[in-house]
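Spelled out from the first residue to the last, the chains are:
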Amino acid sequence: MKTIWKRIISLAMSAGISLGGIRAWAAEPVLLEQEPISSIDEGSRVQITVSMTEPEAGLSLIPALSFSCPAGTTAGGVLELLCQYAYLSDFLWEDGKLALVEINEDEEIREYGREGVWTLFCNGQEVLQGDSFMLESGDALEWIYTAESPSSREDLPKREQAAVSADAWSEEYAKGLAAACSWLKQNQQSCFGLVSMGAAGIAADYQVIDRLKTEIAGIGAYPTAKEAAVDALAATFCGIPATNVAGHDLVKVISDYPDIAGGGLEPAVFALLAADSNGYEIPADSVNTRAALRAMLLSFQNEDGGFAPAQGEPSSPLLTACALTALSAYTEEEQVRQAAANGMAYLSQRQNEDGTFPDNGGVSSALPTSAVIIALCSMGVHMDDPRFVKQRGLMDALLSFQVNSGGFAPEIGTAAGETATAAAVLALTAVKSGRNVFVLKTPLSAPEEPAVQAEGAVQPESSESREETSEAAGNAAAGGWLAGILALCFGILLAVVVFLSRRTGKPRS
């Protein structure tokens, strides 16, 4: 009899322990990657994610790895760490670019490189050759390998252009900008208004963004290149990459648009501004490469240094300022540098004594005055440059167009208008930041799409999700062992009840 009860108690204990153990085991996270390199503690460290992919073949050469590295580590240092911890066997740099990597794969060393291109992305944004930066916690590095394709990657302008000292900014200008932004927020109707608000850091309402996407989706073919470029700028400054707006690649529309020059200067200006706003890549075999657009712009410059709306027409202060803004990223070219110098001389001559600039009819106007301020900031020219200080400076001249409502009037004595206010917001933002406001300060990432990974590859996981997983696993494990203890107690109690019932019950017949 004692042997029977020992077996019952033993089975109950085994069942309880097994129940708790199974639940705890099932809750443990399954680690499909090597242990993160977080066990090394060498002072201050940052947590990053690294991966290498070959999208064309659908391969994840190195699945997303989350690990820590010493503060101050660069992208090259990450590659050395990958070699140190056996994810990579070796790598090769040529002319400052990653040329080849050797990967430990299926106990074999395989080479990827040379015949293709390795491109580095940090947090979804391409890192241009020559850019050097130190990693911060949360950064995600991805090297993507692609076959050679015709592109004008080398023709991308420098993102860091000439900068103006921010000492020109004042509390008076700050109040003027705040009032103008408030007015524009209530009265914005056009894409130009969206561009200026985005440049000033004002997020567009989701209804406005939805309306923009719906309108673009409904366009079969753009009647002019300028309209496509303005839409591309509006989308970009609303946070939508112009390469995919409701399924439309507006950058491709611009780069392939026939006879942009036939529409005059404005389409070429806006096309180049749109292409450079987010450093969009234009294929080298396109109709309108960056080099072609620059040549178009220069062809509209007159002998007086100003730029005309069409060849053979008089120069315009407004369009001259716009052309100089579009060309500001390319002043390393001698032809562009000379054209910019001539354009500046023309603008200085056309400025009114009160500091304002005239429109084509000779009337002082907020629009060309704002455009000149933007051009000077884009070119790295200070607001106190003596060439542009007459009886008063440019900033005082601009603020003379602001009315009590906060908006800016196109002409002195008229009501506030959206175009004039949007242009003034861009000008004030340019002075505040000391840079070309038509170029995003923080580049947009490519449209989010599911990553193509090989079967069994590890999906990237944020540090927050890892902590949540660990906490959930710990809670589930504790619950599992608690269930086991309860099951054990229940088994013992059942055995005692049965034993007592047999002792007090009737004997068998």
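By the naming in an unreviewed UniProt entry, the chain goes by Prenyltransferase alpha-alpha toroid domain-containing protein and is assigned to Candidatus Merdivicinus excrementipullorum.

Novice: So what about the side chain of S66? Which residues, and what values?
Specialist: Here S66 shows up in strand 2 (residues 59-70). A distance of 3.3 Å separates the side chain of S66 from the side chain of Q47, its partner in a polar contact.

Novice: Break down the packing of aromatic side chains for me, citing the residues and quoting the values.
Specialist: Each aromatic ring pair is specified by the distance between its two centres and by the angle formed by the two planes. Under the criterion given, the structure shown has two aromatic pairs. Here the aromatic rings of W118 and Y145 are separated by 5.1 Å at their centres, their planes lie at 50 degrees, and the arrangement is tilted. Of this pair, W118 sits in strand 6 (residues 116-122) while Y145 sits in strand 8 (residues 140-147), and the two are 27 residues apart along the sequence. For the pair shown, W118 and Y145 are each scored as buried.

Novice: Run through unusual backbone geometry, naming residues and quoting values.
Specialist: Within the chain, A246 stands out as a residue other than glycine whose phi angle is a positive 55 degrees. Relative to the helices and strands, A246 is located in the loop between helix 6 (225-237) and helix 7 (250-255). Classification of A246 by relative accessible area gives partly exposed; the value is 36%. Positive phi values are uncommon outside glycine, yet D259 reaches one of about 55 degrees. Take D259: it is sitting in the loop between helix 7 and helix 8 (265-277). Taking the relative accessible area as the measure of exposure, D259 reaches 57% and is therefore exposed.

Novice: Any chance you could break down the sheet that holds strand 4 (residues 97-105) for me, citing the residues and the numbers?
Specialist: Strand order in the open sheet made by the three strands is 3-4-5, with antiparallel pairing throughout. Lying at the two open borders of the sheet, with one neighbouring strand each, are strand 3 (88-94) and strand 5 (108-113). The mean inter-strand angle of the sheet, taken between neighbouring strand axes irrespective of direction, is 15 degrees. The pairing of strand 3 with strand 4 spans six bridges and is antiparallel. In the strand pairing of strand 4, D90 is matched with E102. Packing of helix 2 (residues 75-84) onto the sheet brings it into contact with strand 3 and strand 4, and relative to strand 3 it is tilted by some 150 degrees.

Novice: Explain the pairing of strand 4 to me, using residue names and the numbers behind them.
Specialist: Judged from the six bridges that link them, strand 4 and strand 5 form a sheet pairing that is antiparallel. If you follow N104 over to strand 5, its bridge partner there is I109.

Novice: Go over the pattern of salt bridges, please, and point to the residues and values.
Specialist: Once the charged atoms of two side chains with opposite charge are near each other, the side chains can pair. For the structure on display, the rule yields eight salt bridges. Between K226 and E266 there is a salt bridge, with its nearest N and O atoms 2.9 Å apart. Of this pair, K226 sits in helix 6 while E266 is found in helix 8, placing the two residues 40 residues apart along the sequence. Since its relative accessible area comes to 28%, K226 is described here as partly exposed.

Novice: An account of helix 12 (residues 366-379) is requested, with residue identities and associated values reported.
Specialist: Here helix 12 contains 14 residues, and its C-alpha end-to-end distance of 20 Å stays within 8% of the 20 Å for a straight helix at 1.5 Å per residue. Counting buried residues in helix 12 gives 13 out of 14 residues, a clear majority hidden from the surface. If you check the start of helix 12, you find a side-chain oxygen 3.3 Å away from the backbone N of L367, and it comes from S365. Positive phi shows up at G380, right after helix 12, with a value of about 80 degrees.

What counts and what doesn't
Every chain is numbered on its own, with residues counted from 1 as its sequence reads. Local features in a predicted model are, by the rule used here, given only for residues with pLDDT of at least 70; side-chain atom pairs are given and counted only at 80 or more, and totals for whole chains, interfaces and linings are based on all residues. Heavy atoms throughout the structure, all of them, feed into the side-chain values; hydrogens and water do not. A run of H or I in DSSP counts as a helix once it spans at least four residues, and a run of E counts as a strand once it spans at least two, with each numbered from the N terminus. Pairs of N or O atoms are called polar contacts if they sit within 3.5 Å, as long as, within protein, a hydrogen donor faces a hydrogen acceptor (for residues adjacent in sequence, only side-chain-to-side-chain pairs). Aromatic rings from Phe, Tyr and Trp, taking only the six-membered ring of Trp, are treated as a pair when their centres fall within 6.5 Å; an angle between ring planes under 30 degrees marks them as stacked, one over 60 as edge-to-face, and anything in between as tilted. Accessibility here uses a 1.4 Å probe with only protein chains present; expressed as a share of the type maximum, an area under 20% marks a residue as buried, one over 50% as exposed, and anything in between as partly exposed. Here, any two strands with at least 2 DSSP bridges between them count as paired. Orientation is described by axes fitted as lines to C-alpha atoms, over the contacting stretch for helices, and by angles from 0 to 180 degrees between their N-to-C directions. It only takes one pair of heavy atoms within 4.5 Å for two residues to be counted as in contact. The working definition used for a salt bridge is a side-chain nitrogen of Lys or Arg within 4 Å of a carboxyl oxygen of Asp or Glu. Under the convention used throughout, the expected extent of a helix is 1.5 Å for every residue step, that is, one less than its residue count.

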